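Architecture at a glance
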Amino acid sequence: MPTRAGEFDLITFRDTKTDELHHALKKGDWKKGDEVLVRVHSSCFTGDILHSMRCDCGEQLHFAMDLIEKEGKGAVLYMNQEGRGIGLLNKLRAYKLQEEGLDTVEANIKLGFEMDERDYGVGAQILRKLDISKIRLISNNPKKRAGLLGYGLEIVDTVPIEIAPNLHNERYLSTKRDKLGHNILKH
């Protein structure tokens, strides 16, 4: 599949328990046991498709694709886990609460969810299907790292993503850093 970043193979996986679809963009070849550059990316309709300035999701996705293209091999898992796993409709409800003064974490909790509802088990299974067991993880989220390690994958390196904040996402990025433990530099 030709993309702005380069050509990738697009592989779709169906979760047998939920019937949800998840996708992998794969670049290049590797053999079992090779260290592979990987981004596990949760879908973000507003950021990835509409290019919303409220988050850094779309920029993170494109950063990872560019990095993998430059390296010549790697994979982006595009997981159907909108809004940290609460779904698009609830994410939009959380946006409304954020407009009323809550931060992203407070909004999720007010809606009756955990701070982060994502499950990395399906992603780990997809990585195994792609013959990836040693990962150079493109992420700022230490919980994602822990979530993947919990499924027996080896993370040999974490590659940070540095996205400059804008007027619309400064509070969001600060909340990710201060309440969710993301490794985001203060600007």
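Everything below is about the structure printed above this text.
Let me sum up the structure you'll find in this document. (Residues numbered from 1 in each chain as written. Predicted model: local features only at pLDDT ≥ 70, side-chain atom pairs only at ≥ 80, totals over all residues. Heavy atoms only, no water.)

Attention now moves to unusual backbone geometry. Its identity is not glycine, yet aspartate 19 carries a phi of approximately 70°, on the positive side. By secondary structure assignment, the location of aspartate 19 is in the loop between β1 (9-14) and β2 (21-27). The backbone of aspartate 131 sits at a positive phi, close to 60°, despite the residue not being glycine. Given a relative accessible area of 37%, aspartate 131 falls into the partly exposed group. (Helix = DSSP H or I, 4+ residues; strand = E, 2+ residues; numbered from the N terminus. Buried < 20%, exposed > 50% of the residue type's maximum accessible area, 1.4 Å probe, protein only.)

By the definition in use, this model includes zero aromatic pairs. One Lys or Arg, lysine 27, reaches over the ring of phenylalanine 8 and ends 5.6 Å from the middle of that ring. Here arginine 54 stacks its cationic end above the ring of tyrosine 95, 4.2 Å away from the centre of that ring. (Phe/Tyr/Trp six-rings, centres within 6.5 Å; stacked < 30°, edge-to-face > 60°. Lys NZ or Arg CZ within 6 Å of the ring centre and 35° of its normal.)

A full pass over the atoms with the stated rule returns zero disulfides. Looking at cysteine 55, it has no disulfide partner, and the nearest cysteine sulfur is the one in cysteine 57, 3.6 Å off. What makes cysteine 55 buried here is its relative accessible area of 4%. By relative accessible area, cysteine 57 is classed as buried at 14%. (Disulfide = S-S within 2.5 Å.)

Turning next to the sheet that holds strand β5 (residues 134-138). Read across the sheet, six strands follow the order β1-β2-β4-β3-β5-β6 without closing on themselves; strand pairing throughout is mixed. At either end of the open sheet lies a strand with only one pairing partner, and these are β1 and β6 (154-159). Shown here is a sheet whose adjacent strand axes are inclined to one another by a mean of 25°, direction ignored. Of the strand pairs in this sheet, β1 and β2 are connected by six bridges, and their pairing is antiparallel. Bridge pairing links aspartate 9 to lysine 26 in β2. Against the sheet, helix α6 (residues 121-129) contacts β1, β2, β3 (35-42), β4 (74-79) and β5, and its axis sits at roughly 145° relative to β4. Across the sheet, helix α7 (residues 142-149) is in contact with β3, β5 and β6; its angle to β6 comes to roughly 165°. (Pairing = 2+ DSSP bridges. Axes fitted to C-alpha atoms, helices over the stretch in contact; angles between N-to-C directions. Contact = heavy atoms within 4.5 Å.)

What follows covers the side chain of aspartate 15. Tracing the backbone through its elements, the reader meets aspartate 15 in the loop between β1 and β2. Despite its burial, aspartate 15 pairs with no opposite charge, the nearest such side chain being lysine 17 at 6.7 Å. In terms of polar contacts, aspartate 15 uses its side chain to reach the backbone amide nitrogen of threonine 18, at 3.3 Å. Discounting residues that sit within four places of it in the chain, aspartate 15 has contacts with Glu20, His22 and Val122. (Lys, Arg positive; Asp, Glu negative; His and termini not counted. Salt bridge = Lys/Arg side-chain N within 4 Å of Asp/Glu carboxyl O. Polar contact = N/O pair within 3.5 Å; in protein donor to acceptor, adjacent residues only side chain to side chain.)

Another aspect to go through is the nonpolar core. Among the nonpolar cores identified, the biggest contains 20 residues, and Val40, Leu77, Leu127, Leu130, Ile132, Ile135 and Leu148 are the most heavily contacted of them. Looking at this core, the elements with two or more residues in it are β3, β4, α6 and β5. The residues touching valine 40, leaving out its near neighbours within four places in the chain, are Leu77, Met79, Tyr120, Leu137, Lys144 and Leu148. With 13 residues, the next largest nonpolar core counts Phe8, Met65, Val159 and Ile163 among its residues. (Core = buried A, V, L, I, M, F, W, Y, C linked by side-chain atoms within 4.5 Å.)

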